[in-house]
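What follows is each chain in one-letter form.
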Amino acid sequence: MSEIKRLKSDAKGLADFLLHKPHIQQRLADLVDYTPNQCLLTQEIAHIRARRKIHGRRPREFNGDPYEWARENELEGICFSGGGIRSATFNLGVLQGLAKLGILDHFDYLSSVSGGGYIHEWFAAWIKREEQEQEQLAADATPPTTYSPPMGFGEVQKRLVPLPSDQDSPAHPEPIRWLRRYSNYLTPQKGLFTADTWVAIAIWFRNTFLNQLILLSFLFFLLLIPNLVAKPITKLSADWSILAATLYLFAVAWTAITLRHEYVRISPLDNYTGADEKPEEPERFGGEKTVQILVVTPLLLASVLHLSFVLRLPDHGPMSMAYLLELPFVFGLLWALVFAVAFAGASTETYRALS
């Protein structure tokens, strides 16, 4: 704090001090309602304005509000998704389509990830090399010509469009042919018995085995849980089946009540047509904690108590009839839940409307 007070009259010194203090930057941003996104966009505006001027587009003057300036100037961007060489191939087609329309210079941003980043960096490198080549050609021309930055970008945009050819496929410039020649960048050496091919196969088997090992271990653990809790549960002497049924019905009742209140809450919004003023959204009945405490927890307790009753039943003898009685009892409880969910919502109103 003393350092900030000392530098408060020195803007550059204060900026250098805050540069490596992200936690202080965050607190200051919250206090003055100036988020990092606003700061970043403000710094980008100068570069966007300079780039637009290069391509003959006249951006408006910055008015102090970066979001408002972005809306007024209708900033546009291209996003290249991931997906390996398939994504790179698709994104190359997107670039060629935009180049054919002559609108590549209309975009202010190019964002990419994974396979999209592969074609992104190839595109950026081609523009950089083309700018250097055009600058050199302008200097070597007789008489020398003046180089302008759009010349390199314009040449790339022109060469991205496939040219007609006497052969079956159109003629492509060398950068695109190079890209396709080395499209198998994960396994540069082709052939079944090359080291690259077998390394890729080994990596695939290794990663698949590790992923499946984690998944199967978790599934086996879930299967072992009943065996782990069976012995402690069978030691319960009391018959908790009645309490289990009570907890289950309690959870079913709260499920119906919650769904009914939610239906009553949103039904006016469903009937809103847009012609009149939109009705105010009613307050929610309960929430996630209500469902966890009054529905999920009773259901879990009911399942554990019912399991203790089932595990103490003998496999044979007179008590084996309890299993036969258990099936319709559980079946009825499940249908109670189905009816509660069905009639808590719009099922009754829908039935009446149809009849």
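Let me begin by describing the structure that accompanies this report.

Thresholds applied
- Residues numbered from 1 in each chain as written.
- Predicted model: local features only at pLDDT ≥ 70, side-chain atom pairs only at ≥ 80, totals over all residues.
- Heavy atoms only, no water.
- Phe/Tyr/Trp six-rings, centres within 6.5 Å; stacked < 30°, edge-to-face > 60°.
- Helix = DSSP H or I, 4+ residues; strand = E, 2+ residues; numbered from the N terminus.
- Buried < 20%, exposed > 50% of the residue type's maximum accessible area, 1.4 Å probe, protein only.
- Lys NZ or Arg CZ within 6 Å of the ring centre and 35° of its normal.
- Pairing = 2+ DSSP bridges.
- Right-handed = clockwise from strand over helix to strand, strands pointing away.
- Expected span 1.5 Å × (residues − 1).
- Contact = heavy atoms within 4.5 Å.
- Salt bridge = Lys/Arg side-chain N within 4 Å of Asp/Glu carboxyl O.

What follows covers the packing of aromatic side chains. Per the counting criterion, the structure on display carries five aromatic pairs. Ring centres of Trp-335 and Phe-339 lie 5.6 Å apart, and the angle between their planes is 40°; this geometry places the pair in the tilted category. Here the residue Trp-335 and the residue Phe-339 both occupy positions in helix α13 (residues 321–344), the gap between them amounting to four residues, near one helical turn. In this structure Phe-339 comes out as partly exposed when scored by relative accessible area, which is 46%. Taken together through their ring pairs, the aromatic side chains of Phe-331, Trp-335 and Phe-339 make up a single cluster. Its end group placed over the ring of Phe-153, Arg-51 keeps NZ or CZ at 6.0 Å from the ring centre.

Among the structural elements, Thr-255 can be located in helix α11 (residues 241–270). With relative accessibility at 17%, the residue Thr-255 sits in the buried group.

A regular strand carries its side chains on alternate faces of the sheet. Pairing between strand β1 (residues 77–80) and strand β2 (residues 109–112): four bridges, direction parallel. Bridged to Gly-77 within β2 is Tyr-109. Following the backbone out of β1, through helix α6 (residues 84–101) and into the adjacent parallel β2, one traces a crossover that is right-handed.

Quick look at α6 now. For α6, spanning 18 residues, the distance from its first C-alpha to its last is 26 Å, which sits close to the expected 26 Å at 1.5 Å a residue. Ser-87, Ala-88, Asn-91, Leu-92, Leu-95, Gln-96, Leu-98 and Ala-99 are the residues of α6 that are buried. Its buried side turned inward, α6 meets β1, α7 (115–140), α8 (150–160) and α9 (174–181). Just downstream of α6 lies Gly-102, where phi reads positive at about 70°.

Further remarks concern the pattern of salt bridges. Tallied over the full model, the rule gives seven salt bridges. Across the salt bridge formed by Arg-159 and Glu-130, the nearest N and O atoms sit 3.1 Å from each other. One end of the pair, Arg-159, is in helix α8; the other, Glu-130, is in helix α7, and 29 residues separate them in sequence. Exposure remark for Arg-159: the relative accessible area of 25% places this residue in the partly exposed category. In this structure, Lys-158 engages Glu-155 in a salt bridge whose closest nitrogen and oxygen atoms are separated by 3.3 Å. Placement of both Lys-158 and Glu-155 in helix α8 is noted, with a separation of three residues, approximately one turn of the helix.

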